[in-house]
Amino acid sequence: MREKGWRSFWRYEALSAVCNIIWLIMVCGISTIALSCMISKSVFAVILLPVLLYGIWFVMRRRVFLPAGFPYSAAWRALCLAGTLCMLWFACSARVELSWDWGKIIQAAGGYVADGEIGDADEVYFARYPNNQFWFVILVLLFKIVRRLNPSAGQDQFYLASVVMGCLMVTGAVILLYMTAKLLWGAKRAFLAGCAAYMCIPLYMWALYAYTDTAGMLMLMMLLYLYVRSEKSVGPLPYLCSMGGIGLAGALAWKIKVTVFIFMIALALVFLMKRISWKKLLAGLLVLVLSFSLGKASVDAGIRQILPLDEEFCDRHEFPLTHWVMMSLGYGGFRQDDVDFTSGFPTYKEKRDANVREIKRRLQEKGVSGSLSFFFYKKQVRTWGDSTFGGCDYLSRHPVYPDGLLARLVTLEGDLNWLLLLYTSLYYGILLLGMLLSAYAAWRKRGREDGDDPLLAGRLTMAGIAVFLTIWECNARYLVVFLPLMILLCCEGFLELGKRGSMDARGGMP
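Residues numbered from 1 in each chain as written. Predicted model: local features only at pLDDT ≥ 70, side-chain atom pairs only at ≥ 80, totals over all residues. Heavy atoms only, no water.

## Focus on the pattern of salt bridges
Evaluated as defined, the whole model comprises 16 salt bridges. Measuring nitrogen to oxygen at the nearest pair gives 3.0 Å for the salt bridge that ties K255 to D300. Within this pair, whereas K255 is found in helix α11 (residues 236-256), its partner D300 is found in helix α13 (residues 278-306), the two being separated by 45 residues in sequence. Side by side, K255 and D300 carry an identical accessibility label, which is buried. The shortest N-O distance in the salt bridge between R352 and D353 comes to 3.9 Å. Given a relative accessible area of 27%, D353 falls into the partly exposed group. (Salt bridge = Lys/Arg side-chain N within 4 Å of Asp/Glu carboxyl O. Helix = DSSP H or I, 4+ residues; strand = E, 2+ residues; numbered from the N terminus. Buried < 20%, exposed > 50% of the residue type's maximum accessible area, 1.4 Å probe, protein only.)

## Comments concerning the side chain of T322
Inspection of the secondary structure puts T322 in helix α15 (residues 322-328). Residues within four places of T322 in sequence aside, it is in contact with R352, N355, V356 and I359. (Contact = heavy atoms within 4.5 Å.)

## Observations concerning helix α8 (residues 187-198)
The terminal C-alpha atoms of α8, which comprises 12 residues, lie 16 Å apart, in line with the 16 Å expected from a rise of 1.5 Å per residue. Among all positions of α8, only A190, F191, A193, G194, A197 and Y198 are buried. Buried positions in α8, seen along its axis, are confined to an arc of 160° and lie on one side of it. (Expected span 1.5 Å × (residues − 1). Arc of directions from axis to C-beta.)

## Re the nonpolar core
Core analysis: the largest hydrophobic core is formed by 160 residues, its most contacted members being F136, Y209 and M462. At 15 residues, the largest contribution of residues to this core is made by helix α7 (residues 155-185). Filtering out sequence-adjacent residues up to four positions away, F136 remains in contact with I105, A108, A109, Y112, I118, F126, I306 and L307. By size, the runner-up hydrophobic cluster in this structure holds five residues, among which are L329, I359, F374 and F375. (Core = buried A, V, L, I, M, F, W, Y, C linked by side-chain atoms within 4.5 Å.)

## A word on the environment of A197
Inspection of the secondary structure puts A197 in helix α8. Taking the relative accessible area as the measure of exposure, A197 reaches 1% and is therefore buried. When neighbours within four sequence positions are excluded, A197 is seen to be in contact with V174, L177, L203, Y427 and I487.

## Structural notes on the confidence of the model for the chain
Residue-level pLDDT values for the chain average 89, and 93% of them are 70 or greater. Scored below 50 in pLDDT, residues 447-451 makes 11 contacts in the model with residues more than four places away or belonging to other chains. (pLDDT = per-residue confidence, 0-100.)

## Remarks on a nonpolar patch on the surface
Side chains of I39, V43, F44, V46, I47 and L48 sit close together on the surface and give an oily, nonpolar patch of about 510 Å² of accessible area. Broken down by element, the nonpolar patch gets its largest block of residues, five residues, from helix α2 (residues 43-62). Note that F44 resides in helix α2. (Patch = residues over 30% accessible without salt bridge, like charges linked within 9 Å, V, L, I, M, F, W, Y side chains within 5 Å. Areas by Shrake-Rupley, 256 points an atom, 1.4 Å probe, with all protein chains shown as cover.)

## Some details on the environment of P484
Take P484: it is sitting in helix α22 (residues 483-505). Using a relative accessible area of 1% as the deciding quantity, one classes P484 as buried. Residues P484 and N132, spaced 352 residues apart in sequence, show a C-alpha to C-alpha distance of 23 Å. Those residues in contact with P484 that lie beyond four places of it in its chain are A173, L177, M217 and M221.

## A word on the packing of aromatic side chains
Under the defined criterion, the tally for this structure stands at 33 aromatic pairs. Where Y125 meets F126, the ring centres are 5.1 Å apart and the plane angle is 85°; that geometry is what we call edge-to-face. When its relative accessible area of 10% is taken as the criterion, Y125 is described as buried. Given a relative accessible area of 0%, F126 falls into the buried group. Grouped by ring-pair contacts, the aromatic residues Y112, Y125, F126, Y129, F136, F319, W324, F468 and W472 constitute a single cluster. Its guanidinium or amino end placed over the ring of Y239, K280 lies 4.7 Å from that ring's centre, counting from NZ or CZ. When the ring centre of F374 is taken as origin, the NZ or CZ atom of K366, which lies over that ring, is 4.0 Å away. (Phe/Tyr/Trp six-rings, centres within 6.5 Å; stacked < 30°, edge-to-face > 60°. Lys NZ or Arg CZ within 6 Å of the ring centre and 35° of its normal.)

## Details of the packing of helix α4 (residues 100-115) against helix α6 (residues 133-149)
Where α4 contacts α6, the two axes come as close as 9 Å, and the packing angle between them is 50°. In terms of orientation, α4 and α6 fall into the oblique class. Along this stretch, α4 crosses α6, giving a crossing that reads as right-handed. Residues I105, I106, A108, A109, G110, Y112, V113 and A114 of α4 touch α6, and the partners they reach there are W135, F136, L139, V140, F143, K144 and R147. For the contact of α4 with α6, the class distribution of residues is 12 nonpolar, one polar and two charged. (Axes fitted to C-alpha atoms, helices over the stretch in contact; angles between N-to-C directions. Parallel < 35°, antiparallel > 145°, perpendicular 65-115°, else oblique. Left-handed = near helix turned anticlockwise from the far one by under 90°. Nonpolar A, V, L, I, M, F, W, Y, C, P; charged D, E, K, R; others polar.)

## A word on helix α21 (residues 456-471)
Taking 1.5 Å of rise per residue, the 16 residues of α21 would be expected to cover 22 Å, and the 23 Å separating its terminal C-alpha atoms lies within 8% of that figure. Counting buried residues in α21 gives 12 out of 16 residues, a clear majority hidden from the surface.

## Section: unusual backbone geometry
Positive phi outside glycine occurs at W100, with the angle close to 40°. Structurally, the position occupied by W100 is in helix α4. The backbone of F389 sits at a positive phi, close to 55°, despite the residue not being glycine. As for its placement among the helices and strands, F389 is situated in the loop between α17 (348-384) and α18 (391-395).

## Let's talk about the packing of helix α10 (residues 212-232) against helix α12 (residues 261-273)
Running from amino to carboxyl end, α10 crosses α12 at an angle of 20°, the nearest separation of the two axes being 11 Å. By the angle between their axes, α10 is roughly parallel relative to α12. Handedness of the α10/α12 crossing: right-handed. Contacts between α10 and α12 involve L220, L223, L224 and Y227 from the first element and F263, M264, L267, V270 and F271 from the second.

Next comes the structure, spelled out in structure tokens:
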């Protein structure tokens, strides 16, 4: 039995080491690309970054941040309240006119609540993009509550309510980040992780949008928190409750933002690798699958109540997954010409077959060397090369207050935008270095008999989204969902650096 246990342990060690070194290689490449983009956008940030990193290393090496007896819990509550109010102010001041999918769904949900029916064009839209159906239902429920409180509420009031909702979802994600960090490292380090999250300006920039990006961010952190809680649980009941929660949250994530489901895949891989009794594994997976199935069936039933789209109608308008792969072979992002191309075929099968033919044609046109350059450089620049994660681009699209101070900072045409880019570039550089340290520290760890590495699933998730966006339509905005996870991994990296620094200072082994 002892020998079998050690074989299981070393199998976990070998597999986790492979996973961690793959992510280490990937984050090295991502960091190189992101830093090269930083040179072209904010040269001053490149000059300041080494100085700032040395200061962080100096502080981490001393491991003294705040005085003894500091009330971390009370300070966190005050910080959370202040951060939420600041986020609400930022979102309201940086508002833009409704556009792209985010605005389309708000307008469709507002029209449904006001008129009691959905327009023909909206039906076509939701048949074409079924991934947005559940979010439409959520906004309909929100706007019905607004209408109940204010019977004269219209599109402006619905928009403001969605802004509040977006801010609350981002705040919820940050709170879950803090709670996860507290389970992992204690209140002191969790407070520092929360401070790091509230210093992330892109979170404020994206809190404006009550869309699947911010909702997916909340669901991802809920999944991570429940997983870490299951890892820390003592006794079968808390463990099974956490697994049930993961199943329900996974079902919601599947219907809200499918990229979040990459975490569920990573979780399954970790469970299969870990040294765990087959009874516990089977019971946990059974509860997870049952709760996921129940959650998905309930959500599907709720969608059908508001969006009763028949199968023939959906077959005529729904876009196959191949559409986004084909579209990604243009310049990497959204192209209206590709939307028109796919929508020009009458059935789902014909759309898919046409997409496959076009994919083959575009790959042949690029050739081997062109494809390698496109996938591993051009698409990576578009995905990882923006320190605002597309925030400035989207906030430049018809701002409501174009002459305000905030617009001068956050819009691409603003005369103070360089200051924002300086800050976000420095923050992004630190974030990437922390993730690199986290990946390196995870890879070099050996001999841990408990096999405990709760953030392995997080690193696998980041590797998964990096691969996914290499073959899918890519956009820096798609990384917003994973920002809190990236911050958590960054904090892990710097905490590991602090441990190593303190051991070196004492003359211990690294």
